[in-house]
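Here is how the chains run, residue by residue.
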Amino acid sequence: MLDLNFVRESLDAVKTALQNRNFPTESLEKFVELDAERRRVIGESDAINQQRNVSSKEIGALMQSGQKDEARRKKAEVADLKIKQAELEKQRDKSENLMRELLAGLPNIPQRDVPVGADESANVEVRSWGTLREFDFEVQDHVDLGESLGILDFERATKIAGSRFAILNGAGAKLSRALINFMLDVHTTEHGYTETLPPFLVNRQALFGTNQLPKFEADLFHLTDERGLALIPTAEVPVTNYHAGEILDAADLPKYFAAYTPCFRSEAGSYGKDTRGLIRQHQFEKVELVKLSLPENSAEEHEKLTANAERILQLLGLPYRTVVLSTGDMTFGATKTYDIEVWLPSQKTYREISSCSNCADFQARRMNLRFKRSGNAKTEFVHTLNGSGLAVGRTWIAVLENYQQADGSILIPEVLQPYMNNLEKIG
RNA sequence: GGAGACGUGGCUGAGUGGCUGAAAGCGGCAGUUUGCUAAAUUGUUGAGGAUCAAAAGUCUUCCACAGGUUCGAAUCCUGUCGUCUCCGCCA
């Protein structure tokens, strides 16, 4: 969520930013009107409140000194004020709710160095790593590889849960678990993250804090009971909200969290997209990185977080490239996003395996996550960052496809072997 | 699931209708003092909003949250959420 004063004072900058994000700007004019209205009403209402407070004190004094009639007259006065005030409060609630709705619906402002463009075609590659392997046989995709090895089963998953679910078996399940443990170990021992295992169900407030609500309701799986919980679409939700509503000590920042969780997405509106294989599932595994940072350090922390995610691919020997998303392709809450894309031989293309975003104070304002510097400084909003480190399912795909052999077996990357009872090969 | 207790500021904890944004202590910050550490001592110390060019000042809101009663509510009433204790059940 953007800052009210910022929007008020930098209307033109906000407008430009929205346009760059392909976002309609009409709501801004409405916003200005509502803002003026709101301030007028607050002023009037406060003045009445003051009168009420004064009168109430006088009534108390009159009662004590036994001036009953005078007290009764005052009471009637206050009753009138209350009626007037109730009207004003109603107006105030109305305009504040509308403003909050408008404000909560505005996306974040991209950083200056983000390429301006309408869609992903304007994304810019910032670096690539690794050498693409030359195959002297016909490559198979992960579906053919996994099914013939007996480690991947879509048919039975469909039987018990429906389409876009999968079952991993034997060495396939173990590979997934190995990837999770490997990623968590690297991030906690080499990159300084604290491992955390959060709830997989979250409430609406948490979902609002990390921007899933109100705009992306349809992407979630909701529980139908009266609690109104939803399955997490990413660990970003429970982990970033960890300190929501708190005022942290500046000395305790930055904080680094690494969390493994399953993730659940309804993928509404993506029918027909990536229907084959594990690329796009209703349930997938992910190790997520979350940082809480001082504002002045968030850009640097963003670079480091992205590098931390890339490090996993380097250790696994998987070729990738990193792109910075253009203004038109960025997600709602980000000021800047790097996508890391891994090479998939079967598709002869790079596919997203991690998305690392600096949300600046956008989420912190939504969840009221603040910090205070030493001395008598004012409270400020923390900057929040998140990125996959990495998406486990897609890493699983990349390992199968990049390490496949002519006979359909899979060589296991050396760093993973200790996590798989020193198994060197599947099949 | 059944029975009961309780939710006050960074923390502990007073406060049962007006003088309480809130005692006291701890912690934090600033100063004084003893050679350092430590101690002592004095002061200061919550978060929003409106007004203002800004600061100061002024006004206003907030004692889990949302409603209600009242001229007036942290204090009374209702609902919700959460915590604790006992019993039952359970991975």
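Above this text you will find the structure in question.
Read on for a plain summary of the structure. (Residues numbered from 1 in each chain as written. Chains lettered and ligands numbered in written order. Predicted model: local features only at pLDDT ≥ 70, side-chain atom pairs only at ≥ 80, totals over all residues. Heavy atoms only, no water.)

## What about unusual backbone geometry?
Consideration 1: Look at the link from Leu-213 to Pro-214: it is a cis peptide, with omega at 5 degrees.
Consideration 2: Along the polypeptide, Pro-214 turns up in the loop between helix H8 (204-209) and strand S6 (230-231).
Consideration 3: The step from Leu-253 to Pro-254 runs through a cis peptide bond, and the omega angle for that step is 0 degrees.
Consideration 4: For Ala-360, which is not glycine, the phi dihedral falls at a positive 50 degrees.
Consideration 5: Inspection of the secondary structure assignment puts Ala-360 in strand S12 (residues 349-360).
Consideration 6: Backbone geometry at Asn-368 places phi at a positive 55 degrees, although glycine is not the residue there. (Helix = DSSP H or I, 4+ residues; strand = E, 2+ residues; numbered from the N terminus.)

## Quick look at the pairing of strand S9 (residues 283-293)
Consideration 1: Counting buried residues along S9, 10 of its 11 residues qualify, which places the element largely inside the surrounding structure.
Consideration 2: Sheet topology places strand S8 (residues 255-264) next to S9; 10 bridges connect them, and they run antiparallel. For Ala-258, the partnering residue across the bridge sits in S9 and is Leu-289.
Consideration 3: One ladder, built from 7 bridges, connects S9 with strand S15 (residues 383-391); its direction is antiparallel. Paired with Ser-293 across the bridge in S15 is His-383. (Buried < 20%, exposed > 50% of the residue type's maximum accessible area, 1.4 Å probe, protein only. Pairing = 2+ DSSP bridges.)

## Description of the sheet that holds strand S7 (residues 247-249)
Consideration 1: Strand order in the open sheet formed by 3 strands is S7-S13-S14, and the pairing between neighbours is mixed. Two strands in the sheet have a free side with no partner beyond their single neighbour: S7 and strand S14 (379-381). The mean inter-strand angle of the sheet, taken between neighbouring strand axes irrespective of direction, is 40 degrees. (Axes fitted to C-alpha atoms, helices over the stretch in contact; angles between N-to-C directions.)

## Things to note about the protein's contact with RNA strand B
Consideration 1: Contacts to RNA strand B come from 18 residues, most closely from Asp-46, Ser-56, Lys-82, Lys-372 and Thr-379.
Consideration 2: Close to the protein, within 4 Å, the atoms of RNA strand B are drawn from sugar and phosphate at a rate of 80%.
Consideration 3: Take Arg-38: an N or O atom from its side chain is 3.2 Å from a sugar or linking oxygen of RNA strand B.
Consideration 4: Arg-52 has a polar side-chain atom sitting 3.0 Å from a phosphate oxygen of RNA strand B.
Consideration 5: Elements with a minimum of two residues in the surface near RNA strand B: helix H3 (26-64), helix H4 (68-105) and strand S13 (370-372).
Consideration 6: At 11 residues, the largest contribution of residues to the surface near RNA strand B is made by H3.
Consideration 7: Residue classes in the surface near RNA strand B are distributed as 3 nonpolar, 6 polar and 9 charged. (Near = heavy atom within 4 Å. Polar contact = N/O pair within 3.5 Å; in protein donor to acceptor, adjacent residues only side chain to side chain. Nonpolar A, V, L, I, M, F, W, Y, C, P; charged D, E, K, R; others polar.)

## Here we look at the packing of aromatic side chains
Consideration 1: If you walk through the whole model with that rule in mind, you get 8 aromatic pairs.
Consideration 2: When the centroid spacing of 5.8 Å and the interplanar angle of 15 degrees are considered together, the rings of Trp-129 and Tyr-320 count as stacked. You can see Trp-129 sitting in strand S1 (residues 124-129) and its partner Tyr-320 sitting in strand S10 (residues 320-324), a full 191 residues away along the chain.
Consideration 3: Ring geometry for Tyr-242 against Phe-257: centres 5.5 Å apart, planes inclined by 55 degrees, an arrangement best described as tilted. Taken together, the positions of Tyr-242 in the loop between helix H9 (236-240) and S7 and Phe-257 in strand S8 put the pair 15 residues apart, joining distant regions of the chain.
Consideration 4: For Tyr-242, a relative accessible area of 52% corresponds to the exposed category. (Phe/Tyr/Trp six-rings, centres within 6.5 Å; stacked < 30°, edge-to-face > 60°.)

## Here's the deal with the sheet that holds S9
Consideration 1: Spatially, 8 strands are ordered S1-S10-S11-S12-S15-S9-S8-S4 in an open sheet, and the strand pairing comes out mixed. Two strands lie at the open edges of the sheet, namely S1 and strand S4 (194-195), each paired on one side alone.
Consideration 2: Sheet topology note: the S10/strand S11 (residues 336-344) ladder contains 5 bridges and is antiparallel. The partner of Val-324 across the bridge, within S11, is Tyr-338.
Consideration 3: Packed on one face of the sheet, helix H10 (residues 298-316) meets S1, S8, S9, S10, S11, S12 and S15 and runs near 5 degrees to S15.
Consideration 4: Along the sheet, helix H12 (residues 392-402) contacts S9, S11, S12 and S15; its crossing angle with S15, the most-contacted strand, is approximately 35 degrees. (Contact = heavy atoms within 4.5 Å.)

## Notes on the state of the cysteines
Consideration 1: In this structure the tally under the stated criterion is 0 disulfides.
Consideration 2: The structure places no disulfide on Cys-263, whose sulfur is separated from the nearest cysteine sulfur, that of Cys-356, by 14 Å. (Disulfide = S-S within 2.5 Å.)

## Concerning the packing of helix H2 (residues 11-20) against H3
How two helices sit against one another is set out by the angle between their axes and by the gap between those axes.
Consideration 1: Put simply, H2 and H3 touch, their axes get as near as 10 Å, and they point 155 degrees apart. Comparing their axes, H3 and H2 come out roughly antiparallel. Viewed along their axes, H2 and H3 form a crossing whose handedness is right-handed. Contacts from Leu-11, Val-14, Lys-15 and Leu-18 of H2 reach H3 at Leu-28, Glu-29 and Val-32.
Consideration 2: Here the residues of the contact of H2 with H3 sort into 5 nonpolar, no polar and 2 charged. (Parallel < 35°, antiparallel > 145°, perpendicular 65-115°, else oblique. Left-handed = near helix turned anticlockwise from the far one by under 90°.)

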